[in-house]
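Given next are the chains, with one letter for each unit.
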Amino acid sequence: RRGSLKSLTASIVLGLGFLIYVGVKITKPQKTISEDKIFTVASGDVSKTVAKNLEEEGIIDRAVFFELYIYFQKSGRKIQAGNYILSPSMSVSEIAKKLTLGEVVNNQIKLTVLEGWTMDDIAEALADREIVGQRDFLAITPSEFADSLDFLKEIPENYNTLEGYLFPDTYLFAKDSTPAEIAGK
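Values in this document were obtained by computation on a predicted structure and should not be read as measured data.

Draft legend 1. Structural detail: the overall build of the chain. Along the chain, the regular secondary structure elements total seven helices and four strands. What you see in the chain, going N to C, is helices and strands ordered as α-β-α-α-β-α-β-α-α-β-α. Here the chain, with 185 residues, has 34% of them falling under the buried criterion. At a minimum sequence separation of 6, the contacts of the chain that also span at least 24 residues come to 59%.

Structure follows, in structure tokens:
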């Protein structure tokens, strides 16, 4: 009888400890890094897929905490498709709230510029997504940005391309972006 009471007490203590641990993981930011990231929820993605993708993108540490939160909030079916701006400095509950309320970045198209892409590659990707025309983008010159970006002032005047000055990253562009707005990002 004493053994079963000790086992019950130990189980309760462990259970409470686990609940406190999960509570902290869900309500506190996973990281102090505040770098915003573009995160996309595809139409038809289930909460498990979203959790896995959040973990892979480095927005959350462990998918299981997101899954637990969504499960206990009964909000798995409320996650809405779209592009979101999320940060590792957000808590799991804050991220879940954004995804279930559908706080998407409106009228934005996601484009990942890969390392090694040329101006032609970027222009083609922009045109394929109907963000801006290929010729319009390729017509941009460094002199258009020399006043706002000091390092472009050192480029010779006869160098008429931004080749080598556009950085690989994931960007969100409005459908009606100008070539200058795109290059300025």
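Additional details are given in the paragraphs that follow.
Draft legend 2. Structural context of the nonpolar core. V50, L54, F66, L86, I95 and L99 are the most contacted members of the largest nonpolar core, which totals 19 residues. Secondary-structure elements contributing two or more residues to this core are β1 (37-41), α2 (47-56), α3 (63-73), β2 (82-86) and α4 (92-101). If you look at the next biggest cluster of nonpolar residues, it comprises 17 residues, including V113, I131, V132 and L162.

Draft legend 3. Examining the environment of V113 more closely. Mapping V113 onto the fold places it in strand β3 (residues 108-113). Exposure remark for V113: the relative accessible area of 8% places this residue in the buried category. Sequence separation of V113 and P168 is 55 residues, and the distance between their C-alpha atoms is 4.7 Å. Contact partners of V113, with chain neighbours within four places excluded, come to I122, F167, P168, D169 and Y171.

Draft legend 4. Region of interest: the packing of α2 against α3. For the pair α2 and α3, the least separation of the axes is 8 Å and the interaxial angle reads 145°. Judged by the twist between their axes, the crossing of α2 over α3 is right-handed. Contact residues: α2 offers S47, K48, V50, A51, K52, L54 and E55, while α3 offers A63, F66, E67 and I70. Tallied by class, the residues present in the contact of α2 with α3 amount to six nonpolar, one polar and four charged.

Draft legend 5. Representation of α2 in the model. Looking at α2, one finds that the buried residues are V50, A51, N53 and L54. The buried side chains of α2 occupy one side of the element, clustering within an arc of 165° when seen end-on. For α2, the exposed residues set more than 90 degrees away from the buried face come down to K48 and E56. The secondary structure elements touched by the buried residues of α2 are β1, α3, β2 and α4. Remark: G58 follows α2 within two positions and exhibits a positive phi of approximately 80°.

The rules behind each value
- Sequence positions are assigned chain by chain, starting from 1 and proceeding in written order.
- Whole-chain, interface and lining totals are the exception, using all residues; otherwise, since this is a predicted model, local features are given only for residues with pLDDT of at least 70 and side-chain atom pairs are given and counted only at 80 or more.
- Side-chain calculation: all heavy atoms of the structure are included, whereas hydrogens and water are not.
- Helix numbers and strand numbers start at the N terminus; a helix is a DSSP run of H or I with at least 4 residues, a strand a run of E with at least 2.
- Only protein chains enter the accessibility calculation, which uses a 1.4 Å probe; a residue is then buried when its area is under 20% of its type maximum, exposed when over 50%, and partly exposed in between.
- Contacts: residue pairs with any heavy atoms within 4.5 Å of one another.
- Here, the term nonpolar core denotes a set of buried Ala, Val, Leu, Ile, Met, Phe, Trp, Tyr and Cys residues that are joined through side-chain atoms within 4.5 Å.
- Axis angles are defined between N-to-C directions and span 0 to 180 degrees, where every axis is a line fitted to C-alpha atoms and, for a helix, only to the segment in contact.
- Note on convention: near helix rotated counterclockwise from far helix by under a right angle means a left-handed crossing. Clockwise means right-handed.
- Note on residue classes: Ala, Val, Leu, Ile, Met, Phe, Trp, Tyr, Cys and Pro are nonpolar, Asp, Glu, Lys and Arg are charged, and everything else, Gly too, is polar.
- The arc in question is formed by the directions pointing from the helix axis toward the C-beta atoms.

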